[in-house]
Amino acid sequence: MAWARKKSGGRKEPQFADASSLSELRLSPKDRVAPAEQEPPKQSTPKRKARDPEEDAPRERKPRASPARQKPKSTRRARVGLFRLFYWTAVLGLWTGIALIGVVIWVGAHLPALQALEIPKRPPTIEITGLDGSVLATRGEMAGANVSLKDLPPYLPRAFIAIEDRRFYSHYGIDPHGIVRAAVANVLHRSVSQGGSTLTQQLAKNLFLTQERTLQRKLQELELALWLERKHSKAEILELYLNRVYFGSGAYGVEAAAQRYFGKSAKNVTLTEAAMLAGLVKSPSRLAPNRNPEGAEKRAQVVLTAMADAKYITAAQAQASIARPSINVKAAGAGTINYVADWIGEVLDDLVGQIDQNIVVETTIDPKLQAIAEAAIIDELAAKSVRFNVSQGALVAITPDGAVRAMVGGRNYADSQYNRALTAKRQPGSAFKPFVYLTAIEAGLTPETIRQDAPLDVKGWKPENYGHEYFGAVTLTQALAMSLNTVAVRLGLEFGAKNVVRTAHRLGISSKLDANATIALGTSEVSLTELVGAYAPFANGGLGVSPHVVTRIRTGEGKVLYLRPSDQLGQVIEPRHVAMMNTMMQETLLSGTARKAEIPGWTAAGKTGTSQDFRDAWFIGYTANLVTGVWLGNDDNSPTRKATGGGLPVEVWTRFMKVAHQGVPIAALPNSQAGGLFSSLIQAASQISAPSAPPVVQAPAPLAPMSSASANRPAPTRTSARPEAAAGLDGWLVDRLFGR
């Protein structure tokens, strides 16, 4: 029953009869809800609702709290705040510590392996010495030898400490004071004006890390700096630093830098030089004294001032050094000798294999002759390169047994490291003709054999002489001395281009030669070094040689790793043929295209060469003492302005050879005088018949004996006047045009 009543007595919603009953419904101001900040309108006759006395009593009877009673509550709140500060500080510190430990572990995991964290061995140093034992150049990533700290002047290491890490002896690898100072300075200057790295950090970076600027690398640097400080003493760290830091221009370590910039050992540098070396560490490439002497000097003054501030030197010493810098930048092994050093670097692997220790390479280079050759090329080009539109030159001088005494691969190694004496291959022009004439001599001809100098047509190709002149019947000696092209081509056709190529290869030409009619005029490209080497048998009596520069390779302790064996090429020209060729090529200097070439008291021989369109100018000349070749031209193979082999190359050759032969006992070329008599006897005994093709002119009567000066030689039958140029046919047109 109760459940039924409860169910029937449920909530009933109000109902309205119809919509019209709501039309009279209006809201009065009493029915509106007042905003929170607005007081409800007052009633005219407010009625107070009865309140429970217990509810209103506390409000009416509760006394106002006094200031004395509020103080304990604020104290409690302060204590709570302080507790919370300590709590969250502890929490934050804990998590920061955990994070730092994690970073250290992460950075350590990316460090080199533990077994690799030893001071690495220096890469090997390659020291290149000359014939007199002097150091010509050094090669290798870290070219200087290790020097002990006690062997250096005291002001040298102090200069580095003063400018790089003045608190070196008071920190443990990391200098917080220096880091803060550098950070403040960088913020004030809004750029990286100072660095906070210690010497130990710099050493760690140089030994184990790369030069990249990343946070990871910096963190690794910090860890390794701490490791170095724990494992090594301050003196050891400073010594390692001085022997490993980079000084620009490929020099690593103070010894290499001192040799590179001052031509002396680091043990002998002056106070000013020491300050300059210390100043280089900031920016080795920009402040290198051989590139920026003014910048290097200003930086050295900063270092000297820092040394005075640190009490390492007196103010008077600093002022004296600043006032009189007198720094003579004299790099050891600078200049064109680097062409030789590069060549040595290319052949070392073949001679001794992989290099894992310091070595000394003893060479055949004569430093005095190298300097003379360099000056001859540079000075002649400086004076006449514009006039003749010649931008480059090269020179190679070897002894008759193939030892290279001097090599200049270009006018400026700093501008171009391309070795034009060894690597470049150019057309030798008429300088190739001795191989053609030797082929003819070996086939039975003699220097007095007559051949016809006349126009020639070889399947549409019509070779012409320089000056477009022809002299009719001439001897081989005259034809070679005057560099007559038609005679050389006739000989090449007569005895075969393939035989000419074989002769050239037998004497030492290694380049590929095209066996066609044009080979007689030197159209196949060769290098200057191989061409000079192929002339050497004419100077030594017919023995084959291989141009070489390395004689011995040894370790720093004296153990011999390589000793050059003697050449085994043997006799490549018979002595009697050598005598004939020497007699013929002497005439080139006496009355032919190289009349400007002379060495007082010496018998010399050689051949000029000028390639098509005057692109290359050559002269290869020799005595019993030296065989020297000179090339002049342009790297882009553009034509010169009428530069011939009898001009600039002969002038460079003469300048070099005159000085090179001073004080050397005079010696004659092998059998040069006997060769003339021998060839005359052969010529008088028999007549050489002319081949059926191509046609030649036979001598009408036996010729008179030939002397070395050709004083009694009958003049050739001319079809035009013979040039009277001082440099022969090669220079005749230039003489006529320019009056040289």
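This text gives an overview of the structure that appears in the document. Treat the numbers as computed from the prediction; the structure is a model and nothing was measured. (Residues numbered from 1 in each chain as written. Predicted model: local features only at pLDDT ≥ 70, side-chain atom pairs only at ≥ 80, totals over all residues. Heavy atoms only, no water.)

Looking now at the environment of Glu127. When you line up the elements, Glu127 lands in strand E1 (residues 126-129). Between the C-alpha atom of Glu127 and that of Gly556, which follows or precedes it by 429 residues, the distance is 9.2 Å. Those residues in contact with Glu127 that sit more than four places away from it in its chain are Val135, Ala137, Thr138, Ile359, Val360 and Val361. (Helix = DSSP H or I, 4+ residues; strand = E, 2+ residues; numbered from the N terminus. Contact = heavy atoms within 4.5 Å.)

This next bit is on a nonpolar patch on the surface. On the surface, Leu82, Leu85 and Phe86 cluster together to form a nonpolar patch covering roughly 310 Å² of accessible area. By secondary structure assignment, the location of Leu82 is in helix H3 (residues 67-109). (Patch = residues over 30% accessible without salt bridge, like charges linked within 9 Å, V, L, I, M, F, W, Y side chains within 5 Å. Areas by Shrake-Rupley, 256 points an atom, 1.4 Å probe, with all protein chains shown as cover. Salt bridge = Lys/Arg side-chain N within 4 Å of Asp/Glu carboxyl O.)

To continue, consider the pattern of salt bridges. Under the criterion given, the structure shown has 16 salt bridges. Residue Asp151 is joined to Lys150 by a salt bridge in which the shortest nitrogen-to-oxygen separation is 3.6 Å. Its relative accessible area of 36% is what places Asp151 among the partly exposed residues. Judged by its relative accessible area of 70%, Lys150 is exposed. Between Lys264 and Glu273 there is a salt bridge, and its shortest N-O distance comes to 3.2 Å. The exposure class assigned to Lys264 is partly exposed, which follows from its relative accessible area of 25%. When salt bridges that share partners are traced, they join Glu380, Lys384, Lys596 and Glu651 into one network. (Buried < 20%, exposed > 50% of the residue type's maximum accessible area, 1.4 Å probe, protein only.)

Inspection of every chain in the model, using the stated rule, returns 15 aromatic pairs. Residues Tyr246 and Tyr252 carry aromatic rings whose centres are separated by 4.6 Å and whose planes lie at 45° to one another, so their mutual orientation is tilted. When its relative accessible area of 28% is taken as the criterion, Tyr246 is described as partly exposed. In this structure Tyr252 comes out as partly exposed when scored by relative accessible area, which is 28%. When the ring centre of Phe168 is taken as origin, the NZ or CZ atom of Lys234, which lies over that ring, is 4.5 Å away. (Phe/Tyr/Trp six-rings, centres within 6.5 Å; stacked < 30°, edge-to-face > 60°. Lys NZ or Arg CZ within 6 Å of the ring centre and 35° of its normal.)

If you walk across this open sheet you meet the five strands as E5-E4-E12-E11-E10, and the pairing is antiparallel. Every interior strand has two partners, whereas the edge strands, strand E5 (404-408) and strand E10 (605-610), have only one. Taken over all neighbouring pairs, the strand axes of this sheet differ in orientation by 5° on average, direction set aside. With seven bridges connecting them, strand E4 (residues 392-398) and strand E12 (residues 627-633) associate as antiparallel partners. Opposite Ile398, over in E12, you have Val627 as the bridge partner. The sheet contacts of helix H15 (residues 367-388) involve E4, E5 and E12, and relative to E5 the element is tilted by about 30°. (Pairing = 2+ DSSP bridges. Axes fitted to C-alpha atoms, helices over the stretch in contact; angles between N-to-C directions.)

Pairing in this open sheet of five strands is mixed, and the strands run E2-E1-E3-E8-E9 from one edge to the other. At either end of the open sheet lies a strand with only one pairing partner, and these are strand E2 (135-139) and strand E9 (560-563). Averaged over all neighbouring strand pairs, the angle between strand axes comes to 15°, with direction disregarded. Here helix H14 (residues 337-352) sits on the sheet and contacts E1, E2, strand E3 (359-363), strand E8 (550-555) and E9; the angle it forms with E8, its principal contact strand, is near 70°.

Moving on, we get to the packing of helix H16 (residues 433-442) against helix H19 (residues 497-507). One can describe the packing of H16 onto H19 by two numbers: an axis separation of 9 Å at closest approach and a directional angle of 105°. When the axis of H16 is compared with that of H19, the two are roughly perpendicular. Residues Phe435, Val436, Leu438, Thr439 and Glu442 of H16 lie in contact with H19, whose contacting residues are Asn499, Val500, Thr503, Ala504, Arg506 and Leu507. Here the contact of H16 with H19 is composed, by residue class, of six nonpolar, three polar and two charged. (Parallel < 35°, antiparallel > 145°, perpendicular 65-115°, else oblique. Nonpolar A, V, L, I, M, F, W, Y, C, P; charged D, E, K, R; others polar.)

Structural remark: α-helix, 3.6 residues per turn; residues separated by three or four positions point the same way. Across its 13 residues, helix H22 (residues 648-660) extends 18 Å between first and last C-alpha, which sits within 8% of the 18 Å expected from 1.5 Å per residue. Most of H22 is tucked away, with 10 of its 13 residues classed as buried. (Expected span 1.5 Å × (residues − 1).)

Let's shift gears to the pairing of E2. One ladder, built from four bridges, connects E1 with E2; its direction is antiparallel. Bridge assignment links Glu127 to a residue of E2, and that residue is Thr138. Adjacent in sequence and paired antiparallel, E1 and E2 are bridged by five residues, among which Gly133 carries a positive phi angle near 90°.

Before going further, it helps to examine H16. The buried fraction of H16 amounts to nine of the 10 residues, a majority that puts the element mostly inside the structure. For H16, the complete set of buried residues consists of Lys433, Pro434, Phe435, Val436, Tyr437, Leu438, Thr439, Ala440 and Ile441. Looking at the packing, one finds that the buried side of H16 touches helix H17 (476-481), helix H18 (485-495), H19, helix H20 (528-540), helix H21 (575-590) and E10.

This brings us to unusual backbone geometry. Note: most peptide bonds trans; most residues except glycine with negative phi. Phi angles above zero are rare outside glycine, and Asn389 is one such case at about 55°. If you trace the backbone, Asn389 turns up in the loop between H15 and E4. One non-glycine residue, Ser483, lies in positive phi territory at about 55°. Mapping Ser483 onto the fold places it in the loop between H17 and H18. On the basis of relative accessibility, which here comes to 3%, the residue Ser483 falls in the buried class.

Attention now goes to the environment of Ala406. With respect to the helices and strands, Ala406 occurs in strand E5. Sequence separation of Ala406 and Thr628 is 222 residues, and the distance between their C-alpha atoms is 9.1 Å. For Ala406, the residues in contact, after removing those within four places along its chain, are Ile365, Leu369, Gln370, Ala373, Leu395, Val396, Ala397 and Phe656.

Here we take up the pairing of E5. Counting buried residues along E5, five of its five residues qualify, which places the element largely inside the surrounding structure. Bridging between E4 and E5 involves four bridges; their strand directions are antiparallel. Bridged to Leu395 within E5 is Val408.

For Pro639, the location among the structural elements is in the loop between E12 and H22. For the pair formed by Pro639 and Gln612, sequence separation is 27 residues and the distance between their alpha carbons is 8.5 Å.

Turning our eyes to something else, we now look at the side chain of Thr610. For Thr610, the position within the fold is in strand E10. A distance of 2.9 Å separates the side chain of Thr610 from the backbone nitrogen of Gly645, its partner in a polar contact. (Polar contact = N/O pair within 3.5 Å; in protein donor to acceptor, adjacent residues only side chain to side chain.)

Core analysis: the biggest nonpolar cluster contains 80 residues, and Tyr437 and Tyr535 have the highest contact counts within it. Residue contributions to this core peak at eight residues, all from H20. Beyond its immediate chain neighbours, meaning those up to four positions away, Tyr437 contacts Leu476, Ala479, Leu480, Leu484, Val487, Ala488, Leu491, Met581 and Met584. Formed by 52 residues, the second largest nonpolar core is a distinct cluster that contains Leu156, Phe262, Met276 and Ala288. (Core = buried A, V, L, I, M, F, W, Y, C linked by side-chain atoms within 4.5 Å.)

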